[in-house]
Amino acid sequence: MNLPPHLSVQGGHLVIGRHDLVALAQEHGTPLYVTDEQRICDNYTRYQKALATLYPKSKVLYAAKANGNVSVLRALGKLGAGADVFSPGELELALSAGMNPADLLFNGSSKSPGDLALAVAHGITVSVDSLDELHQLDAAAKAGGKKARISFRVNPALHIPTHPKIATGVTSSKFGIAHDKILSAYREALACSNVVPVGVHCHIGSQILDIEPFVKAAEVMVRVAKELTGIGVVLEFIDLGGGLGIPYHHDTDPAPTPEEYARAVVPVFVEGITAAGISPALWVEPGRYLVADSSVLLTRVNSVKFAHKNFVNVDAGFNLLIRPTMYDSYHEVIVANKAASPATETYSIAGPICETGDILAADRLLPAVEAGDIIAVLDAGAYGFAMASQYNCRPRCAEVLIKGKDKALMRNRETTEDITSTMVTPPWQQ
Ligand SMILES: *Cc1c(COP(=O)(O)O)cnc(C)c1O
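Throughout what follows, the structure given in this document is the object of discussion. (Residues numbered from 1 in each chain as written. Predicted model: local features only at pLDDT ≥ 70, side-chain atom pairs only at ≥ 80, totals over all residues. Heavy atoms only, no water.)

Turning our eyes to something else, we now look at the overall build of the protein chain. Counting its secondary structure elements, the protein chain contains 12 helices and 21 strands. By the compact-globule yardstick of 22 Å for 430 residues, the protein chain fits well, its C-alpha radius of gyration being 23 Å. The principal-axis extents of the C-alpha atoms in the protein chain amount to approximately 70 × 60 × 40 Å. Counting the 430 residues in the protein chain, one finds 55% classified as buried. Contacts in the protein chain between residues far apart in sequence, at least 24 positions, make up 70% of those at least 6 positions apart. Carbon and sulfur atoms form 53% of the exposed surface of the protein chain, whose accessible area is close to 17,600 Å². (Helix = DSSP H or I, 4+ residues; strand = E, 2+ residues; numbered from the N terminus. Rg over C-alpha atoms; globule rule 2.2 N^0.38 Å. Buried < 20%, exposed > 50% of the residue type's maximum accessible area, 1.4 Å probe, protein only. Contact = heavy atoms within 4.5 Å. Areas by Shrake-Rupley, 256 points an atom, 1.4 Å probe, with all protein chains shown as cover.)

Below, the structure is given as C-alpha cells:
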C-alpha cells in the first residue's frame, strides 16, 4: 500500500514521523488518536504556496470543524492561517489559538442571536446565509454600536460529485442563497445601516476528487462579483470554500493536488476579477486536505471471531470514527505491530458499539490477527475525533500530538466520571 511520507514501516511496526505507533499505543493505551503536527504544517504550506504563487493575495482559512483541537489551530495560526468557524465554540477556539480576528469567517446557516452578538463583539466577518439573518445581524450590530462586515454565502447550484450528505453547492441543499437571488440580497445589505458587505462566499461540498466543479464554482463566483461591483459593493475578498478530497483508497483514488487545483481555478479567478476591474483577496477554506492524513486512530483487538465472516473486534467504533457508518467511507487499515507481515486473511474490523452498522472497515486482506494486536486506521484526522461521541457511555479517547522528536498529549482520555458529571438527579428521585 502507498503510504504518505510521514508514515513508514520499521522493524515490522508502523511508524509516524519518528515515533513507533505500537509503542505509543502501549504508553498511552487505546483507543488513541495520534496526529503529526509537521504533516499538517506541510499540507498547509503546500496549499498556501500553490495559490500564492499564482495570485499573491491568496489566503487559506482552515475549516476548524475538520479537527477542532486547539493545538491544531495553534499550529496553523502560527503559520499565518485564518479559519472558517461554524459555531461560537470554534470562533473562541480560533481566537484562543492566537489567530487574527481579521482572518476568520463566521459561517453557518443557523446562527442564534448570541452567535451574531459574539461575532459583532469580536469584529468577525460573518458569512450570512439568509435575509432573515441579515436583518438580525444589522440589529445586533446596531445594539453593539458597530458595523458588521459580511459576505453572503452563494449557492452556485452545481452538480457536485461526492456523497449526497456532504454535497452543499446543489440546488436542494440547506446552504446559501441561490445565485440568481444574490444580487437583490446584496442590495438589501447595502440598504442596511449597520452592515457592510465586503466579500462573497461559497462552499460547494466535501471530499471532491474532481477539479472541474471547483472551476465551475469559480466561474459563477467571479460572474457574481462583477455584478456586485456593478451595484456598488466593494469586494475585499472572494471565498471559494474548501472541499478538495484526499485519496482514502491509497492505491486507486485520484489524488488531486493543491497545485492542480490552483492551476485550474486561479486563472478563472484572475480573468474574472480583471474583467470586473477589481483585485480582491482570494480566500479558500480547506479542512480535510490539511488534516485528514495527519492522524491515525489506534485501536486494540479484543477478540477475533470466525462466523459467516471473520470479525476482528476492536476497542474503537463509530463512537470515535463515524465516517464509515455515516458516509460509507473507506479508510485504509494496517496491523501496526505486523506491518511487514504478508496479508493472508480477510477480516471485517468491528467496533464495540451496540449497532450492526459499527464496522470500521469491511472485508480487508490483513496478516493473521489475534487479540492484543494494534490496528491503525489511517487518514482519521478530518471529521474523526471532531465527530466523536460518548454513545454507549464510552468516554472519548486521548489524542497525542507529535512533531519531530517530540510527542505529547493534546487531549486527555475521558473517564466515565466525565460523562456522568453533567448528569443531575431530579429531586423526586433523591
Ligand atoms: C466543512 C466546510 C469547509 C471544509 O470542507 P473540507 O471538505 O473539509 O475541505 C469549508 N467551508 C465551509 C463553509 C464548510 O462548511
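Let's pick the thread back up.
We now examine the site of the ligand. Close to the ligand lie 16 residues, the nearest being Lys65, Ser206, Glu285, Arg288 and Tyr383. Contact between the ligand and Lys65: an oxygen atom at 2.8 Å from a side-chain N or O atom of the residue. Gly243 is positioned such that a nitrogen or oxygen atom in its backbone is 2.8 Å from an oxygen atom of the ligand. About the coverage of the ligand: the protein hides 96% of its 380 Å² of free accessible area. (Near = heavy atom within 4 Å. Polar contact = N/O pair within 3.5 Å; in protein donor to acceptor, adjacent residues only side chain to side chain.)

What follows covers the pattern of salt bridges. Using the criterion set out here, one finds 13 salt bridges in the structure. Between Lys338 and Glu370 there is a salt bridge; the shortest N-O distance is 2.9 Å. Taken together, the residues span a long stretch of sequence, with Lys338 in the loop between β16 (333-335) and β17 (345-350) and Glu370 in the loop between β18 (359-366) and β19 (374-377) at a distance of 32 residues. Given a relative accessible area of 45%, Glu370 falls into the partly exposed group. A salt bridge links Asp406 to Lys405; the shortest N-O distance between them is 3.6 Å. Exposure remark for Lys405: the relative accessible area of 63% places this residue in the exposed category. (Salt bridge = Lys/Arg side-chain N within 4 Å of Asp/Glu carboxyl O.)

Here the focus is the packing of helix α4 (residues 88-96) against helix α5 (residues 113-122). In contact at an axis separation of 10 Å, α4 and α5 are set at 20° when each is read in the N-to-C sense. On the basis of the axis angle, α4 is roughly parallel to α5. Seen from above, α4 lies across α5 with left-handed handedness. On α5, the residues that touch Pro88, Leu91, Glu92 and Leu95 of α4 are Asp115, Leu118, Ala119 and His122. In the contact of α4 with α5, the residues fall into 5 nonpolar, 1 polar and 2 charged. (Axes fitted to C-alpha atoms, helices over the stretch in contact; angles between N-to-C directions. Parallel < 35°, antiparallel > 145°, perpendicular 65-115°, else oblique. Left-handed = near helix turned anticlockwise from the far one by under 90°. Nonpolar A, V, L, I, M, F, W, Y, C, P; charged D, E, K, R; others polar.)

Across its 14 residues, helix α6 (residues 131-144) extends 20 Å between first and last C-alpha, which sits within 8% of the 20 Å expected from 1.5 Å per residue. Looking only at α6, the buried set comprises Glu133, Leu134, Leu137, Asp138, Ala140 and Ala141. Looking down the long axis of α6, one finds its buried residues gathered within 165° of arc, a one-sided arrangement. Of the exposed residues in α6, those oriented more than 90 degrees away from the buried face are Asp132, Lys142 and Ala143. Each element contacted by the buried residues of α6 is listed here: α5, β8 (125-128), β9 (148-155), α7 (182-190) and β11 (195-201). At the exit of α6 stands Gly145, carrying a positive phi of roughly 65°. (Expected span 1.5 Å × (residues − 1). Arc of directions from axis to C-beta.)

This brings us to the sheet that holds strand β3 (residues 19-20). The strands that make up a sheet pair up through hydrogen bonds in the backbone, lying either parallel or antiparallel. Taken in spatial order, the 3 strands line up as β1-β2-β3 in an open sheet, and their pairing is antiparallel. Strands with a single pairing partner mark the edges of an open sheet, and in this sheet they are β1 (7-10) and β3. Sheet topology note: the β1/strand β2 (residues 13-16) ladder contains 4 bridges and is antiparallel. Its bridge partner lying in β2, Gln10 is registered against His13. (Pairing = 2+ DSSP bridges.)

Along the chain, the position of Arg288 falls in helix α10 (residues 288-291). Of the side chains with opposite charge, Asp379 comes closest to the buried, unpaired Arg288, at an N-O distance of 9.7 Å. Arg288 has contacts with Ala66, Ile166, Ser206, Gln207, Leu244, Ile246, Tyr248, Arg323, Ala382 and Tyr383, leaving out every residue within four places of it along the chain. (Lys, Arg positive; Asp, Glu negative; His and termini not counted.)

Looking now at the nonpolar core. Judged by nonpolar contacts, the single largest core of 89 residues is most densely connected at Tyr47, Leu51, Leu137, Phe152, Val200, Ile238 and Tyr261. Element by element, the count of residues in this core is highest for helix α8 (residues 212-230), at 10 residues. Those residues within four positions of Ile238 in sequence are excluded, and the remaining contacts are Val200, Met221, Ala225, Phe269, Ile273, Pro280, Ala281, Leu282 and Trp283. Listed in part, the 22 residues of the second largest apolar core include Ala316, Leu320, Val369 and Cys397. (Core = buried A, V, L, I, M, F, W, Y, C linked by side-chain atoms within 4.5 Å.)

What follows covers the packing of aromatic side chains. One pass over the full model with this rule turns up 9 aromatic pairs. Seen from their ring centres, Tyr47 and Tyr289 are 5.5 Å apart, and the 65° between their planes marks the pair as edge-to-face. Residue Tyr47 is found in helix α2 (residues 37-54), and its partner Tyr289 is found in helix α10; the two are separated by 242 residues along the sequence. Just as Tyr47 is buried, Tyr289 falls in that class too. Ring geometry for Tyr55 and Phe269: centres 5.1 Å apart, planes at 70°, overall edge-to-face. With Tyr55 in the loop between α2 and β5 (58-63) and Phe269 in helix α9 (residues 258-276), the pair connects residues that are 214 residues apart, well separated along the chain. (Phe/Tyr/Trp six-rings, centres within 6.5 Å; stacked < 30°, edge-to-face > 60°.)

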